[in-house]
Amino acid sequence: MTENENITNDPIIICEDVHKWFDDFHVLKGITTTFKKGERAVICGPSGSGKSTFIRTINRLEEHQRGTIIVDGIELSNDLRNINLIRQEVGMVFQQFNLFPHLTNIKNITLGPIQVRKMSKRAAEEAALALLERMDIADQAYKYPAEISGGQQQRVAIARALAMEPKIMLFDEPTSALDPEMISEVLDVMRELAHSGMTMLVVTHEMGFAREVADRIMFFDEGVVIEEAAPADFFDNPQHERTKLFISQTLQH
Amino acid sequence: MNNNTHTVIPDKIPFYRDVRFLKVFFQILFLIGIILLAGFLYSNMLNGLRKQNLALDLSFLGSEAGFGISEGIDYDPSDSYLKAFWVGIVNTLKVSIVGILCATIIGFIFGIARLSSNWLIRNIAAVYVETFRNIPLLLQIVFWAALTRALPTVRNSIIISDSIVLNVRGIYLPSFEPGPGFSAWLWYLLAGVILAIIVVLALAVFRHSGQLREPHDTDRPSFISNIIFGAKWAAAPTFLIVAIAGLFLTSEAPFVVNRPVLQGFNYVGGMNLTPEFSALLIGLAVYTSAFIAEVVRSGIQAVVKGQREAARAVGLKESQVLRLIVIPQAIPIIVPPLTSQYLNLAKNSSLATAIGFPELLHIGHTMMNQTGQSIPIFGMVMVSYLIMSLTTSAFMNWYNHRITRIGRSR
């Protein structure tokens, strides 16, 4: 594990007693935590534990019903202006990529900068091409998402999020829908992004990636964080029974 | 030789086991069956006609129709049956085209409204759709007809903001008509075309000379491509600016608004929709719009949730999410069922025969009563509807093909 030289002491996301219900189902039961600027946090846990829901509350794809979330000094409330401001600060990458199938890859990337940031078309395209270069798929710019592989699609999706120049990147199981040989190309890009100093919250089952990149691993179960620690402590010295079981099961294969 | 292979490769397959033969054989058999059946029905029909002393010929179409038609293109009872039939076709086309336009606009509004986050709007739209979708169309048309007949007399007309008049003789709307300055305005249009050509050429020359200065000459665009570029960006704006300027610069108004005015015992001027036409149009448009609303709603809902989420995560506003991401993906889903609704509307216009609007079937009926030539007239009516429907289908298929090709390479 490499020490994260980019991590600072400034908090960028503050969550205070966050609760969320889906009808009667209590998904998040009081999450209180702070993420620092430049921090790389990996969130793991069994399915249905609320980990995806938690990161989706940070850009208001899910609404929390109790508690406060403050992102980069802006409180997430029902104020539409705040929601829009936060969404511009926070990029998100989805499990199913969710690229826009009716737009070429480059247009997927320039859409946000042109429509939201009001950037000129030429400047947005130049920036998009630079990002695709960084993702190592510049030659796919003018194809449609359906014409490229899953790994390439996910890298376009990462480029699309980065084009908005976000301060925080959320990854919701970015490699879970990929064929095994494509996982590494996406993880490589994420690793590179981590070393560039981006604040990252990653929901993933890739424990190797977590051990290598994370500053902190949070373990979710039934809507609460039951254990959080630096990777070394988390993997070698888990405290909680549930965590021990999870680690033994995920590291078996 | 490999003794383990047991594959049998016959050098000749008997025809009764040959798939290629059997495929063709059964098709030919089926075709023969259909021809025999059709031939039997046709000879049976001819026999029946002979017994009734009716010959199957179309010569009656040339003779004088002798009946009046309440509305439509220029027609006189002394005109031929063929002319009367044509009046019916034009009336059917008129109500169908206007009906399709209205139904599409109303349908899209209510379809999108049904997905609104506003409780009141959403439920008003739901009530609208469920009401008009679930009452028989014939009943609705008769209802609207009764309503238009219950409108006040000419003297007590309902007048809306001095330009729309409702009375027992129908609906009167203001119309735009060429005014005294119209011919002068046509000169502005010509000037607009000439100026547009000049601007396009100038732009192309300017752009081309700019490119000549650039060092790399391998992929330099041709002069023609520069003209196309200029035409794309400059032609329409130049023309429009001149045309609109012309509207204000002509000394006399090129267009006048013709409002209905009371003259003697009737309103004249503007556009008059007869009570029958109004009732049919409202009935068809409202009924079909309820179905179109459902088509639009299901099309929008068929766009997967992840698309909206991704669009929101990029920071787009809700209106942008709908306009840039959801609608473009919903349109290809909406178009095929929308086509069926258009066809339904055109065919349902034949229900107007119940309220006396002289459309195709209504006039066909009158012709049958007068001539007794039921089979050729029925045939003509059916073929006319068929041609209209197939034309609509062909156009919508072409449109669907065009929009699905954009962006969906697979």
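As shown above, the structure is provided for reference.
Residues numbered from 1 in each chain as written. Chains lettered and ligands numbered in written order. Predicted model: local features only at pLDDT ≥ 70, side-chain atom pairs only at ≥ 80, totals over all residues. Heavy atoms only, no water.

Engineer: Any details on the overall build of chain A? Residues and values, ideally.
Structural biologist: Scanning chain A from terminus to terminus reveals nine helices and ten strands. Dimensions of chain A along its principal axes, counting C-alpha atoms only, are 55 × 45 × 35 Å. Going through the 253 residues of chain A one by one, you find that 56% of them count as buried. Considering only residue pairs separated by 6 or more positions, chain A has 66% of its internal contacts joining residues 24 or more positions apart. Element-wise, carbon and sulfur atoms account for 47% of the exposed surface of chain A, whose accessible area totals about 10,900 Å². (Helix = DSSP H or I, 4+ residues; strand = E, 2+ residues; numbered from the N terminus. Buried < 20%, exposed > 50% of the residue type's maximum accessible area, 1.4 Å probe, protein only. Contact = heavy atoms within 4.5 Å. Areas by Shrake-Rupley, 256 points an atom, 1.4 Å probe, with all protein chains shown as cover.)

Engineer: Lay out the overall build of chain B with the relevant residues and their values.
Structural biologist: Scanning chain B from terminus to terminus reveals eleven helices and eight strands. Since a compact globule built from 410 residues should have a radius of gyration of about 22 Å, the 30 Å found for chain B marks it as more spread out than a globular shape. Counting the 410 residues in chain B, one finds 36% classified as buried. Long-range contacts, defined here as pairs at least 24 residues apart, represent 67% of the contacts in chain B between residues at least 6 apart. When the accessible area of chain B is evaluated, it comes to approximately 24,500 Å², of which 68% is carbon and sulfur surface. Taken together, the 30 basic and 20 acidic charged side chains of chain B have centroids lying 11 Å from each other. (Rg over C-alpha atoms; globule rule 2.2 N^0.38 Å. Lys, Arg positive; Asp, Glu negative; His and termini not counted. Charge placed at Lys NZ, Arg CZ, Asp CG, Glu CD.)

Engineer: Hey, could you go over the pattern of salt bridges for me, with residue numbers and the actual values?
Structural biologist: Using the criterion set out here, one finds 24 salt bridges over all chains in the structure. The salt bridge involving Arg242 of chain A is made with Asp221 of chain A; its shortest N-O contact spans 3.7 Å. Pair noted here: Arg242 of chain A is in helix α9 (residues 241–251) and Asp221 of chain A is in strand β9 (residues 216–221), with a separation of 21 residues, a long-range link. The residue Arg312 of chain B makes a salt bridge to Glu318 of chain B at a minimum N-O spacing of 2.7 Å. On the basis of relative accessibility, which here comes to 44%, the residue Glu318 of chain B falls in the partly exposed class. Taken together, the salt bridges that share partners define one network made up of Lys20, Arg56 and Glu62 of chain A together with Lys305 and Glu309 of chain B. (Salt bridge = Lys/Arg side-chain N within 4 Å of Asp/Glu carboxyl O.)

Engineer: Help me get a handle on helix α9 (residues 318–348) of chain B, residues and values and all.
Structural biologist: The first and last C-alpha atoms of α9 of chain B sit only 38 Å apart over 31 residues, clearly below the 45 Å expected at 1.5 Å per residue. The largest bend in α9 of chain B comes to about 45°, at Val326 of chain B, with the proline Pro328 of chain B one to four residues further on. (Expected span 1.5 Å × (residues − 1). Bend = angle between axes of the 7 residues up to and from the residue.)

Engineer: Residues and numbers for the packing of helix α8 (residues 305–314) of chain B against α9 of chain B, please.
Structural biologist: Residue and element names in this part refer to chain B. As a packed pair, α8 and α9 sit with axes 10 Å apart at the nearest point and diverge in direction by 140°. Taken as axis vectors, α8 and α9 run oblique relative to one another. Here α8 and α9 pass one another in a crossing that is right-handed. Here Gln307, Arg308, Ala311 and Arg312 of α8 lie close against α9, whose contacting residues are Glu318, Val321, Ile325, Val326 and Gln329. Among the residues forming the contact of α8 with α9, the class breakdown is four nonpolar, two polar and three charged. (Axes fitted to C-alpha atoms, helices over the stretch in contact; angles between N-to-C directions. Parallel < 35°, antiparallel > 145°, perpendicular 65-115°, else oblique. Left-handed = near helix turned anticlockwise from the far one by under 90°. Nonpolar A, V, L, I, M, F, W, Y, C, P; charged D, E, K, R; others polar.)

Engineer: Account for the layout of surface pockets, naming residues and giving values.
Structural biologist: All names here are of chain B. Estimates place the volume of the largest pocket at around 550 Å³. The wall of the largest pocket is formed by 18 residues, among which Leu115, Ser117, Arg308, Arg312 and Glu318 lie closest to the centre. Those elements that place two or more of their residues in the lining of the largest pocket are α2 (81–113), α8 and α9. Among the elements that take part in the lining of the largest pocket, α9 stands out by supplying five residues, more than any other. Class assignment for the residues of the lining of the largest pocket results in eight nonpolar, three polar and seven charged. (1 Å grid on protein atoms, 1.4 Å probe; cavity = no way out; pocket = protein on both sides within 12 Å on 5 of 7 lines; lining within 4 Å. Points joined across faces, edges and corners; volume = space filled by probe spheres on them.)

Engineer: I'd like to hear about the sheet that holds strand β3 (residues 40–44) of chain A, residue by residue, with values.
Structural biologist: All names here are of chain A. One open sheet holds the six strands; their spatial order is β6-β7-β8-β3-β9-β10, and the pairing between them is mixed. The open sheet is flanked by β6 (90–93) and β10 (224–229), the only strands paired with a single partner. Across this sheet, the average inter-strand angle for adjacent strands is 20°, counted without regard to direction. Taken together, the five bridges between β9 and β10 define a ladder with antiparallel strand orientation. The residue of β10 that forms the bridge with Asp221 is Val224. Most of the contacts of helix α5 (residues 150–162) go to β6, to which it runs at about 170°, and overall it touches β6 and β7 (168–172). Those strands touched by α9 are β3, β9 and β10, and its axis lies near 105° from that of β9. (Pairing = 2+ DSSP bridges.)

Engineer: How would you summarise the interface of chain A and chain B if you had to cite specific residues and measurements?
Structural biologist: In this assembly, 23 residues from chain A lie in contact with 23 residues from chain B. In total, chain A and chain B occlude about 2,000 Å² of area from one another, counting both sides; carbon and sulfur atoms represent 57% of this. When the buried area of chain A at its contact with chain B is split by residue, Arg87, Phe100 and His102 of chain A rank highest and sum to 27% of it. Here chain A and chain B share one salt bridge between them. Its salt-bridge partner being Glu309 of chain B, residue Arg56 of chain A comes within 2.6 Å of it at the nearest N-O pair. If you look at where chain A meets chain B, you find four residue pairs in polar contact (both at pLDDT 80 or more). (Buried area = accessible area lost by both parts, 1.4 Å probe. Polar contact = N/O pair within 3.5 Å; in protein donor to acceptor, adjacent residues only side chain to side chain.)

Engineer: So, the pairing of β7 of chain A: which residues are in play, and what are the values?
Structural biologist: All names here are of chain A. With five of five residues buried, β7 is to be regarded as a mostly interior element. Burial along β7 is two-sided: the residues Ile168, Leu170 and Asp172 and Met169 and Phe171 are all buried. Here five bridges tie β7 to strand β8 (residues 199–203), and the two strands are oriented parallel to one another. In the sheet register, Met169 faces β8, and the bridge partner there is Met200. Each parallel crossover has a hand, and the one from β7 via helix α6 (residues 180–195) to β8 is right-handed. (Right-handed = clockwise from strand over helix to strand, strands pointing away.)

Engineer: How would you summarise the pairing of strand β4 (residues 66–71) of chain A if you had to cite specific residues and measurements?
Structural biologist: Note that strand β1 (residues 11–22) of chain A and β4 of chain A share five bridges and pair antiparallel. Of the residues in β4 of chain A, the one forming a bridge with His19 of chain A is Arg66 of chain A.

Engineer: So what about the environment of Ser149 of chain A? Which residues, and what values?
Structural biologist: All names here are of chain A. Positionally, Ser149 belongs in the loop between α4 (121–134) and α5. Through-space distance from the C-alpha of Ser149 to that of Phe220 is 32 Å; in sequence the pair is 71 residues apart. Not counting residues up to four positions away in its chain, the partners in contact with Ser149 are Met182 and Glu185.

Engineer: Can you tell me about the packing of aromatic side chains, naming the residues and giving the values?
Structural biologist: Summed over the entire model, instances satisfying the criterion amount to 21 aromatic pairs over all chains. For the ring pair Phe110 of chain B and Tyr128 of chain B, a centre distance of 3.9 Å and an interplane angle of 5° mean the geometry is stacked. Here Phe110 of chain B, found in helix α2, pairs with Tyr128 of chain B, found in helix α3 (residues 119–133); they are 18 residues apart in sequence, far enough to count as distant. Ring pairing ties together the aromatic residues Phe15, Tyr16, Phe21, Phe25 and Phe26 of chain B, which thus form one cluster. It is Arg160 of chain A that lies over the ring of Phe100 of chain A; its NZ or CZ is 4.6 Å from the centre. (Phe/Tyr/Trp six-rings, centres within 6.5 Å; stacked < 30°, edge-to-face > 60°. Lys NZ or Arg CZ within 6 Å of the ring centre and 35° of its normal.)

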